[in-house]
Structures are given as structure tokens and as C-alpha cells.
Amino acid sequence: MRAYSPITTSGCTPSRKPRSIIMVSACHLAHSEMLAAKSIADELESLGRAELDDLTNFLAGQSDWMCGGLLIEACRAMDHVQVMQGFGRPAGEYLPAPDFDLLTRGWNVLLGLLLPRVGKFTGIPIAESTEESRHFVLSLMHAAGRYVMLTDAAERMRNGMVEGTATAEGFELAISEPTLVDFFHDQVDRARLVELQSKFRAEETSPDGPAGSALRAEMAEQVFPWELPCGVMIGYTSTRNIDAAFLNFIADSVLDWRGDAGIHPDAKLEGCTGADLVTTAHMLLGRYLQHVIYVEEARKRFPDVNHAMSLTIWKTRSELIAELVAIGTPRKLAAAVIEIVTVKSGDAAFFLKEHTPSFPMLIEIADGYLLMPISAIFRNPFKHIRMLREAASQAMLNSVRVHHERWMADDLCSLFQGNRYQRMPGQTKLRTKGRVITDIDAALFDYVTGELVLFQLKWQDFASSNLRTQRSKAKNFVESVENWGRQVTSWLEEHGVPELCRALKVKLPAGELPRTVRLWGVGRSNARFRSLGYEGGPSVLVLTWPQLIRLRYEIGPGADVFTQIAERVLLETSQPIARSPIPYVMTSRGSQIVFKDIWSSLDER
């Protein structure tokens with residue numbers, strides 16, 4: 001990997017005089033390049049901070065009532081943009097990918113700035129949502145997004161992930177060559193798994209499938225214009241069959257989100273379990289998706305109604321609890337779940353610090369009044385809930401993460417069912433003279449090929465967009481897996497494979513020892529970190545959980561399953577990800593910043 005750290009004088013000391021001129025010149029050039037990069041990074045940081053200062057100063061001059069109105073309009077505008085972008089309807093209302101990304105990046109910051117100003121009044125400040133009002137709050141969100149993007153680009157420049165050059169108009173930025181080595185691989189693995197899963201899921205589980213089309217026709221008959229002093233919105237009546245259908249439509253996503261967020265059903269949360277949280281939230285999320293489709297159908301029948309204003313709804317806390325109780329949720333449990341998923345003014349610091357876009361299911365806009373942004377269905381709401389609550393409670397963090405290792409081991413073993421495999425999901429400690437040297441999180445033995453695979457399972461959370469957090473966790477992952485590999489290898493050299501089999505309680509066929517022992521390190525979301533400056537050795541094969549699931553199903557019951565998985569992992573890791581850069585020009589404080597390829601379209605199938 002290219003070195004971006006300063007080159008010391010001693011490192012430039014020549015052995016022969018003629019060569020010294022070249023070496024010293026090279027060192028001076030590298031040092032000059034580093035100073036230039038630092039200068040550009042500092043300029044980007046300064047521009048970003050100025051964007052935030054402007055936004056903060058503007059909001060400081062507004063009343064609490066006005067800030068409450070801005071937050072409501074921001075939810076409406078974001079909900080409208082998310083529906084248009086996510087559903088592609090009506091045609092032609094897409095935003096360019098970089099602008100949409102800047103809006104979502106800016107959402108957390110704007111929310112963090114507005115939250116301390118709400119909850120101080122009774123009732124909800126309601127005004128009509130117009131194209132002009134939505135454009136205004138989107139401009140605030142975009143400014144916040146520019147702050148996030150510019151400061152993030154500065155940090156990535158300092159870490160050698162982005163290269164920059166000064167121009168007469170401003171700066172040009174591009175992803176550095178070392179970053180391209182494997183930066184996109186883990187993202188693509190997740191997308192490939194989603195694509196594979198979609199092939200197995202029935203059309204009946206989509207509102208755009210045949211069942212959804214019939215349901216839409218029924219829903220179109222149930223919508224009507226709803227006249228209010230602040231404009232004409234959309235109203236509708238529903239049925240239990242439609243409610244149940246949308247719970248079914250979103251069920252697969254809810255289960256995927258739960259697994260991705262790492263909320264085990266047995267996790268003990270405040271006033272409920274992980275299962276209680278997910279089940280109750282499922283009810284709300286089904287309503288959100290249902291509401292979006294009702295608004296879409298109403299837009300077709302009544303084009304003059306304000307469908308953008310109709311997307312974001314609100315209820316009192318007591319009304320929402322009563323609705324959940326009416327469908328069978330115990331009142332105490334309903335109140336506990338609503339408390340966990342509701343974002344309040346006291347949560348502002350989290351959103352200002354954490355720039356990973358988080359769209360809450362509920363926002364307390366005033367005492368007893370809750371906004372219900374439907375944007376929550378477009379990103380994993382459970383991941384946001386977990387990150388928010390873990391940031392404020394060590395007990396919450398521990399109660400969620402205590403289940404991860406065994407959960408992942410059980411899921412691993414479920415991928416290799418049947419008599420062909422012996423599954424060892426429990427942790428096995430390897431000892432020397434009574435002292436624990438290391439442990440094995442899970443193991444699989446293939447009776448057909450005689451292969452024994454030992455697993456180190458890592459459920460690290462890479463959801464944060466903070467680069468320092470990412471680098472710290474990447475370093476921990478690589479060092480931990482490498483250290484495990486060395487310890488297991490050393491233990492095997494001392495004790496041998498027979499003792500390993502006894503420790504694992506492997507049932508050997510006719511007493512034959514395994515022909516091959518493999519060491520695999522599996523990261524729940526990420527596993528390749530050369531782009532962040534950390535690379536493991538060859539003793540442990542590293543792969544991501546989505547990659548393992550996909551390859552297991554793509555390869556199927558082959559003759560050499562583990563061999564083929566290992567070969568495919570190495571092949572895919574070595575292949576560059578095909579991508580098409582999406583150039584973007586940003587203007588900030590008179591400077592023109594050209595992002596040459598910071599945004600890309602990944603050219604997957």
C-alpha cells in the first residue's frame with residue numbers, strides 16, 4: 001500500500017553520493033505532496049465547518065415554534081424524496097445520486113440541530129407543505145450534507161484514501177488507487193446476497209407482484225380527499241385483510257433488518273425483549289408501507305391533492321398505544337417499545353456526532369405528539385435504534401451483544417445441514433498445561449472430503465460512518481484474526497490433529513483423521529481492510545457472512561464444498577469491482593470542488 005506518512009531524514013540517507021540527489025529529491029517531493037494534501041484537507045475541513053456554522057447561525061435566529069415547523073417540513077420533504085427515489089414514481093422525479101446522497105447525509109445533522117428546539121410547546125405547528133417550503137428545507141439538508149461530505153473527504157485525504165489537487169477554481173478529488181483494492185468488495189457482497197434472496201422470494205411478498213396489483217385496485221377504491229385548513233390531504237379506510245397483507249409484504253425485510261442489526265429475540269431491553277421490539281415494530285412498519293401505497297393510489301385518482309404533505313403522519317402517544325393494544329399488544333409492552341423507538345430532544349447529540357443516515361420510526365415533536373416518518377422503511381430502522389440506545393447505555397450494548405457469537409455459530413451450522421456434516425456450534429477452548437491458549441468459535445467436519453474447518457466469528461459493527469471508528473475496528477479485526485490463526489497453528493504444531501479432534505469431540509469415520517484443517521475468519525458485515533491500511537496473512541481465509549451464505553447456496557452440494565468456497569473467496573477478493581464513476585461538482589464559499597469518482601455506480605448484475 002502506498003505510504004502517506006512523512007519520510008524521515010534517516011530513511012533518506014544515501015549510500016553513494018550520486019544516488020543521494022535522487023533520493024533526497026524524492027523525499028522532498030513526497031514531503032511536498034504530503035504538505036499539499038494536508039493543506040487541501042485543511043481547506044476542505046474549513047469549508048465544511050463554514051457550511052455548518054452558517055446553518056447553525058440561521059437556526060439560532062429562529063423561534064422554537066419555527067424550528068418545530070422546519071422539522072415537520074424536513075420530514076415531509078425527506079419522505080417525499082425517499083418515495084420518489086425508492087419507488088421511481090412518478091417517472092422523471094429522480095434526483096441525481098450525489099444530490100440524494102448529500103440530502104440523506106445531511107438529515108442526521110439537521111435533525112440534531114432541530115431536536116433541542118422541539119418539545120417545548122403544546123400541539124404541532126402545522127402549515128401547508130408547498131414545493132417552495134420543501135425546497136427550502138431540502139436546501140438546509142443539502143448544506144448539512146455538504147458539511148458532512150467535505151469534512152469526511154478531508155479526513156479520508158489525511159488517511160490516504162482520497163487524493164486531491166488544487167485548481168484555479170478550487171479542488172479536484174478522486175479515490176486513491178490503494179483504496180480501490182478492496183473498498184467496495186464488502187458492499188458488493190451484501191448486494192449480491194440480496195439479489196440471490198430475491199430470486200427465492202415469492203412475488204406474493206411484494207406490493208408490486210400479482211397479489212399486490214389486486215390489492216392496489218381495492219385500495220384505490222378506499223381513498224378520498226381530506227380537506228384541512230392547511231390544505232387537501234389524503235384519507236382512506238382500510239380492512240384487516242389489507243393490514244395483514246402489508247405485514248406479510250414487509251416480513252422478510254423485518255427479519256433481515258433484525259439480523260443485520262444484531263437484535264436477538266432473547267436480548268433483554270428496557271421493558272421488553274428483542275422479540276417484543278421486533279414484533280411490535282413490525283406492526284408499525286407494515287402500516288408505514290401500507291400508508292405509502294395508499295398515498296400512491298390516491299395520487300393517481302386525485303392528482304390535485306397534496307400527496308407530499310400526506311406522506312408524513314402524526315399521532316398522539318396515547319392514540320398509538322391504543323392502536324397497538326387493539327391488535328393484541330399488551331399495553332405495558334406497547335408503551336415500552338414506543339419509548340425505545342421514539343427519538344426525543346435529548347437524543348440530539350447522537351445525530352450531530354453520528355453521520356450514518358438514521359431515519360427514526362417516531363420523533364417526539366411536542367409533549368405527547370409523535371411524528372411518524374415513513375422514511376424508516378427505506379433503511380434498516382433496527383440498526384438505527386440499536387446504535388442510538390447503545391450510545392447512551394452500556395447495559396443496552398451488553399445485553400444486545402452477549403448473544404452475537406452463539407447466534408452466529410448457530411446460523412453457520414444451519415447452512416450445513418444433513419448427515420454429510422458434523423456441526424460443532426459451541427465454543428471450544430484449546431489448552432496447554434491447563435492454560436487456555438485460544439478458542440474456536442465453531443467447527444464443521446465434512447465426512448465426504450475429510451475437511452475440518454475451524455471458525456473465528458467476528459460480529460463487529462461497521463455501521464458508523466466515522467472513519468476513525470472504522471479504522472479502529474478494522475485494525476482490531478485483522479489483528480484479532482491473525483493472532484487467532486497464529487495461536488491455533490502453534491497449538492496444532494505442539495499437540496497435533498488427533499488432540500484437536502478430541503477437544504472438538506469430532507466423531508471420526510473409522511478413526512481416520514481429517515485430511516485438511518482450514519482456518520476461516522468470518523466477519524458479520526466486513527472482512528477486507530487493505531483499503532484502510534490493514535491486511536492479514538495467508539494462514540486464515542477471511543470472508544464476510546453475506547459472501548459465505550451466497551457461496552454456500554450458489555455452490556450447493558458439490559463434491560468439494562469447502563474447497564470451492566475457499567477458491568471462490570480468493571478469486572472474488574482478487575478481482576476489482578467494476579464501477580462507473582458519477583462526477584459531481586459542488587460549490588461552497590466560492591470554491592468549486594470536483595468529485596471525480598467519489599460517487600460510483602457499481603456495475604453488478
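Residues numbered from 1 in each chain as written. Predicted model: local features only at pLDDT ≥ 70, side-chain atom pairs only at ≥ 80, totals over all residues. Heavy atoms only, no water.

Participant: Would you mind showing me how to read the overall build of the protein chain here?
Facilitator: Scanning the protein chain from terminus to terminus reveals 18 helices and 19 strands. Reported as C-alpha extents along the three principal axes, the dimensions of the protein chain are approximately 80 × 70 × 40 Å. Summarising the internal contacts of the protein chain: among those between residues at least 6 apart in sequence, 71% fall at separations of at least 24. Surface accessibility of the protein chain: about 27,400 Å² in total, with carbon and sulfur atoms responsible for 54%. (Helix = DSSP H or I, 4+ residues; strand = E, 2+ residues; numbered from the N terminus. Contact = heavy atoms within 4.5 Å. Areas by Shrake-Rupley, 256 points an atom, 1.4 Å probe, with all protein chains shown as cover.)

Participant: Would you explain the pairing of strand 8 (residues 369-372) in this entry?
Facilitator: On a regular strand, each side chain points to the face opposite its neighbour's, so the side chains alternate between the two faces of the sheet. Where strand 5 (residues 313-316) lies against strand 8, four bridges are found, and the strand directions are antiparallel. Directly across from Ile313, in strand 8, lies its bridge partner Met372. Remark: two residues form the turn of the hairpin made by strand 7 (residues 362-366) and strand 8, two consecutive strands paired antiparallel; Gly368 in that turn has positive phi of roughly 85°. (Pairing = 2+ DSSP bridges.)

Participant: It is not clear to me how helix 6 (residues 210-220) should be interpreted in this structure. Could you clarify?
Facilitator: Those residues of helix 6 not exposed but buried are Gly212, Leu215, Arg216, Met219 and Ala220. Each buried residue of helix 6 lies within a common arc of 140° when the element is viewed along its axis, so the set occupies one face. The outward face of helix 6, more than 90 degrees from its buried face, is lined by the exposed residues Pro210 and Ala214. If you follow the buried residues of helix 6, they end up packed against strand 3 (223-228), helix 7 (240-261) and helix 8 (274-301). (Buried < 20%, exposed > 50% of the residue type's maximum accessible area, 1.4 Å probe, protein only. Arc of directions from axis to C-beta.)

Participant: I tried to follow the sheet that holds strand 7 on my own but got confused; where do I start?
Facilitator: Remark on secondary structure: sheet strands pair via backbone hydrogen bonds, oriented parallel or antiparallel. One open sheet accounts for four strands, arranged 5-8-7-6; its pairing is mixed. The open sheet is flanked by strand 5 and strand 6 (342-343), the only strands paired with a single partner. Pairing of strand 6 with strand 7 involves two bridges; the strand directions are parallel. In the sheet register, Val343 faces strand 7, and the bridge partner there is Ile363.

Participant: Where do I start with the environment of Gly368 in this structure?
Facilitator: Residue placement: Gly368 occurs in the loop between strand 7 and strand 8. The partly exposed category is assigned to Gly368, whose relative accessible area is 23%. Separated by 175 residues in the primary sequence, Gly368 and Leu543 have C-alpha atoms spaced 47 Å apart. If near-sequence neighbours (up to four positions away) are discounted, Gly368 is found in contact with Lys315, Thr316 and Arg317.

Participant: Just to check I follow, could you spell out the side chain of Thr316 for this structure?
Facilitator: Its location among the elements puts Thr316 in strand 5. Taking relative accessible area as the criterion, Thr316 reaches 18% and is therefore assigned buried. Setting aside anything within four residues of it in sequence, one finds Thr316 in contact with Gly368 and Tyr369.

Participant: Got a minute to help me understand the sheet that holds strand 18 (residues 591-595) in this structure?
Facilitator: Here we have four strands laid out as an open sheet, ordered 1-2-18-17, and mixed in their pairing. A strand with exactly one partner marks an edge of an open sheet, and here the two such strands are strand 1 (162-166) and strand 17 (584-588). The sheet shows a mean angle of 20° between the axes of neighbouring strands, direction not considered. With four bridges joining them, strand 2 (residues 170-175) and strand 18 adopt parallel strand pairing. Looking at strand 18, one finds that Leu173 is bridged to Phe595. Packed onto the sheet, helix 4 (residues 131-158) meets strand 1, strand 2, strand 17 and strand 18 and runs at close to 105° relative to strand 17. (Axes fitted to C-alpha atoms, helices over the stretch in contact; angles between N-to-C directions.)

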